[in-house]
Amino acid sequence: TEVIAADLKGRGAPAKIAEHINRKGIELFGLINNAGFGFGGRFWEVPREEYLAMIQVMVSALVELTHLFLPDMIRRNSGFIVNVSSTACFQPLPYSSIYAASKSFVTSFTEALWLETKGTGVRVLNLCPGVTKTDFGIHAGLHDFHKDPFAQTPEAVVETAMKALRRNQPTA
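Participant: So what exactly am I meant to see when it comes to the environment of Gly41 here?
Facilitator: Position of Gly41 relative to the elements: it lies in the loop between strand E1 (30–33) and helix H2 (48–76). Separated by 56 residues in sequence, Gly41 and Ser97 place their C-alpha atoms 8.9 Å apart. If sequence neighbours within four positions are ignored, Gly41 has contacts with Val46, Tyr51 and Tyr95.

Written out as structure tokens, the structure is:
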């Protein structure tokens, strides 16, 4: 395991991550784009910089990381990309408009990428978890997701993704 600390709010962070991986000679087999954050509020009352940072992390960095690592996976005819979206992608969410819109982007982008990569040996998965027992809701100013009776554990969400990747295993 190689830990790389990077603030994806900063433009150029994905390229620095790729540089680090290439410099170390690491062959990346899988990419899980799971960086994100949320907050609540009426659109016009939240500082514009907060929204732009959210779009940078959840849209721009995801696209850049995917673009940086996908070509090598295709050349090797193996690998996987998991883009973590949310059930928020399926409807507009008042007070979380940019969050829901960015997750809609992730879902649409990933589904298109899935079609484009068919036959390349690279598996592409769009993961849309619902309420998950993390501190996300607290940090987003929404509610304590730990107490939601329908919330899944992070482990259950990961297991769902891993089962889907195993089902989608290319055959030789």
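Participant: Please clarify how the pattern of salt bridges should be interpreted in this entry.
Facilitator: Side-chain pairs of opposite charge can arise where the charged atoms are in close proximity. Applying the stated criterion to the full structure yields six salt bridges. Where Arg75 meets Asp72, a salt bridge forms, and the shortest distance between an N and an O atom there is 2.5 Å. Linking Arg75 with Asp72, this pair stays in helix H2, spanning three residues, or about one helical turn. On the accessibility criterion, Arg75 (63% relative accessible area) is exposed. Given a relative accessible area of 30%, Asp72 falls into the partly exposed group. Ionic pairing is found between Arg166 and Glu159, a salt bridge with its closest N-O pair at 2.9 Å. Residue class for Glu159 comes out partly exposed when judged on its relative accessible area of 35%.

Participant: Would you take a moment to explain the nonpolar core for this structure?
Facilitator: One recurring pattern in soluble globular proteins: nonpolar side chains tend to sit buried together. Judged by nonpolar contacts, the single largest core of 27 residues is most densely connected at Met54 and Phe69. Contributions of two or more residues to this core are made by helix H1 (13–23), H2, helix H3 (97–116) and strand E3 (122–127). Ranked by residues supplied to this core, first place goes to H2 with 10 residues. Membership of the second largest hydrophobic core comes to eight residues, among which are Val84, Leu127, Ala161 and Leu165.

Quick notes on the rules
Residues numbered from 1 in each chain as written. Predicted model: local features only at pLDDT ≥ 70, side-chain atom pairs only at ≥ 80, totals over all residues. Heavy atoms only, no water. Helix = DSSP H or I, 4+ residues; strand = E, 2+ residues; numbered from the N terminus. Contact = heavy atoms within 4.5 Å. Salt bridge = Lys/Arg side-chain N within 4 Å of Asp/Glu carboxyl O. Buried < 20%, exposed > 50% of the residue type's maximum accessible area, 1.4 Å probe, protein only. Core = buried A, V, L, I, M, F, W, Y, C linked by side-chain atoms within 4.5 Å.

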